[in-house]
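Observations on chain architecture
The chain contents come next:
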Amino acid sequence: MTVFDDLIGQQATVGQLRRAVVGASDLVAGGRGAGMTHAWLFTGPPGSGRSEAARAFAAALQCPDGGCGHCPSCHQVLAGTHPDLLYVRPSGLSFGVAATRDLVLRAGSRPSGGRFRIVLFEDAERATEAASNALLKAVEEPSPRTVWLLCTPAPDDLLVTIRSRCRLVTLATPGTRELVDALVRRDGVDPVLAQASAVAAAGRIDRARQLATDPEARRRREEVLSIPARLDGLGACVTSAARLYEIAEEESKALTTALDEKEKDELRTAFGEGSTGKGVAKAMRGSAGAMKDLEERQKRRATRIKRDSYDRALLDLAAFYRDVLALQLGASVELSTGERSGDLDRVARSSTPETTLRRIDAIMECRGRIEANVHPQIAMEAMTSALLVDGRA
């Protein structure tokens, strides 16, 4: 089993990356390295696995056997612990210029033991304008053995000057059958549950795995999808918006609490809490600053996770109306919210395709307002009111 075997439904991408790995080996051996370059841009819709593809590529570049999947180098890269892998995932809503300059400085050093110095930058679109300019300088004038792997949903999310210096890797949305096979084979999910989760995820790998393995995630989704049937007046709109906000808050809290406590425990252990001996008390006194810094990073991450949770709930709601539109137009497509067939049929019969499109636009506008820092509950109240057309949802 190689590092590329877990890239679901990405046969064309795997072929492209394998050819580049061959070129990288040639480059290490002193050749021209045809097919290999110093900067790559991995793009694809949410859940397509662009970060997983970049990580697999990084492992293959460091592996003497081109990504065997079982050597120490492959294990270290996939675990994010390889000394020559700089793994960057912005914890907040943006990534600033100071952090970028520090990253560029570290990226410029020679590999300590691996074949390349690799920077894997998830969510590179979160870099601020100043940070992007600092990143451009590094991509324009790279060190001989440094490789940049940038991940964004779409190429246009980065400066055109950065895009022009990267080789593009475009990931496709996996099909339902491919997702089901992966859930059953890799995660041991029951085939019936795997099928339902894959259909509900509409091609998003991470969402399919979450729905298949977390009963609470399935419950939250069901509650979101029940909202259209409850919108029978302005009072219901306000109540539904409040509940939608609460659902997203519950999810974000569940995700952050476990992460925060684990990191705090690890930091306390690193500073010697629970130990005895000379210097322990002094070390513990010095841990206050480190703990404060950790809490600040956790606060920024919590804000980002909340935004992601709001977005997930809104996309589930948009999927409902997308299926309504499919029914209204008689389109032969897979319905990701088909388990709500009664609600879908009722809404489809009681409205027009034009109305459904306006409702989807209202959901997308709500996403934009939250991104622009409008309070989520206020944005959701405006959205649910827009979903109520002529007194009906």
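These notes cover the structure that comes with them. Bear in mind that the values here come from a model prediction, so they are computed numbers and not experimental data.

Helices and strands together make up the secondary structure of the protein, namely 16 helices and 5 strands. Whereas a compact globule of 393 residues would reach a radius of gyration of roughly 21 Å, the protein reaches 24 Å, a difference of no more than 12%. Each principal axis of the C-alpha atoms in the protein carries an extent, and together these give about 70 × 55 × 45 Å. In the protein, which comprises 393 residues, the proportion classed as buried is 48%.

So, on to helix α4 (residues 97-107). The complete set of buried residues in α4 reads T100, L103 and A107. Axial view of α4: buried residues confined to an arc of 60 degrees, hence all on one face. Facing away from the buried surface of α4 by more than 90 degrees, the exposed residues are A98, R101 and L105. Close packing links the buried residues of α4 with β2 (85-88), β3 (117-121), α5 (129-140) and β4 (146-152).

The full count for this structure, using the stated rule, is 29 salt bridges. When the shortest N-O distance is used, the salt bridge between D6 and R186 registers 3.4 Å. With a gap of 180 residues between them, D6 in the segment before α1 (11-28) and R186 in helix α7 (residues 176-187) connect regions that are remote in the sequence. Given a relative accessible area of 31%, D6 falls into the partly exposed group.

The next point concerns the side chain of S73. Note on placement: S73 falls in helix α3 (residues 72-79). When its relative accessible area of 13% is taken as the criterion, S73 is described as buried. The contact partners of S73, leaving out residues within four places of it in the chain, are Q62, C63 and H82.

Taken N-terminus to C-terminus, the directions of helix α8 (residues 191-201) and helix α9 (residues 205-213) make an angle of 140 degrees; their axes are 8 Å apart at the nearest point. On the basis of the axis angle, α8 is oblique to α9. As α8 packs across α9, the resulting crossing turns out to be right-handed. Listed contacts from α9 to L193, S197, A198, A200 and A201 of α8 are R207, A208, L211 and A212. In the contact of α8 with α9, the residues fall into 7 nonpolar, 1 polar and 1 charged.

Here the focus is the sheet that holds strand β1 (residues 39-43). The 5 strands lie next to each other as β2-β3-β4-β1-β5, forming an open sheet whose pairing is parallel. Edge positions in the sheet fall to β2 and β5 (167-170), since each of these pairs with one other strand and no more. Adjacent strand axes in the sheet meet at a mean angle of 15 degrees when their direction is disregarded. Inspection of the sheet shows β1 paired to β5 by 4 bridges, in the parallel sense. Residue pairing for β5: W40 is matched across the bridge by R167. Together, β2, β3 and β4 form the strand contacts of α4, whose direction differs from that of β3 by roughly 155 degrees.

This model, assessed by the stated rule, comprises 0 disulfides. No disulfide involves C237; its nearest neighbouring cysteine sulfur is the one of C366, lying 13 Å away.

With respect to the helices and strands, T43 occurs in strand β1. Taking relative accessible area as the criterion, T43 reaches 2% and is therefore assigned buried. Residues within four places of T43 in sequence aside, it is in contact with R50, T152, P153, A154, P155, L168, V169, T170 and L171.

What follows deals with the nonpolar core. Counting residues in each nonpolar core, the largest one holds 33 residues, and the members touching the most others are F4, W40, F42, F57, L61 and L149. Of all the elements, helix α2 (residues 50-62) adds the most residues to this core, at 8 residues. Sequence-distant contacts of L149, defined by excluding residues within four places in its chain, comprise W40, F42, A54, F57, A58, I118, V119, L120 and F121. Counting 30 residues, the second-largest nonpolar core is a separate cluster that includes L231, L244, A313 and I363.

As a further point, take the packing of aromatic side chains. Inspection of every chain in the model, using the stated rule, returns 5 aromatic pairs. Between W40 and F57, the ring centres sit 4.9 Å apart and the planes meet at 70 degrees, which makes this aromatic pair edge-to-face. Remark: F57 occurs in helix α2 and W40 occurs in strand β1; sequence separation between them is 17 residues. In this structure W40 comes out as buried when scored by relative accessible area, which is 0%.

The rules behind the values
Residues numbered from 1 in each chain as written. Predicted model: local features only at pLDDT ≥ 70, side-chain atom pairs only at ≥ 80, totals over all residues. Heavy atoms only, no water. Helix = DSSP H or I, 4+ residues; strand = E, 2+ residues; numbered from the N terminus. Rg over C-alpha atoms; globule rule 2.2 N^0.38 Å. Buried < 20%, exposed > 50% of the residue type's maximum accessible area, 1.4 Å probe, protein only. Arc of directions from axis to C-beta. Contact = heavy atoms within 4.5 Å. Salt bridge = Lys/Arg side-chain N within 4 Å of Asp/Glu carboxyl O. Axes fitted to C-alpha atoms, helices over the stretch in contact; angles between N-to-C directions. Parallel < 35°, antiparallel > 145°, perpendicular 65-115°, else oblique. Left-handed = near helix turned anticlockwise from the far one by under 90°. Nonpolar A, V, L, I, M, F, W, Y, C, P; charged D, E, K, R; others polar. Pairing = 2+ DSSP bridges. Disulfide = S-S within 2.5 Å. Core = buried A, V, L, I, M, F, W, Y, C linked by side-chain atoms within 4.5 Å. Phe/Tyr/Trp six-rings, centres within 6.5 Å; stacked < 30°, edge-to-face > 60°.

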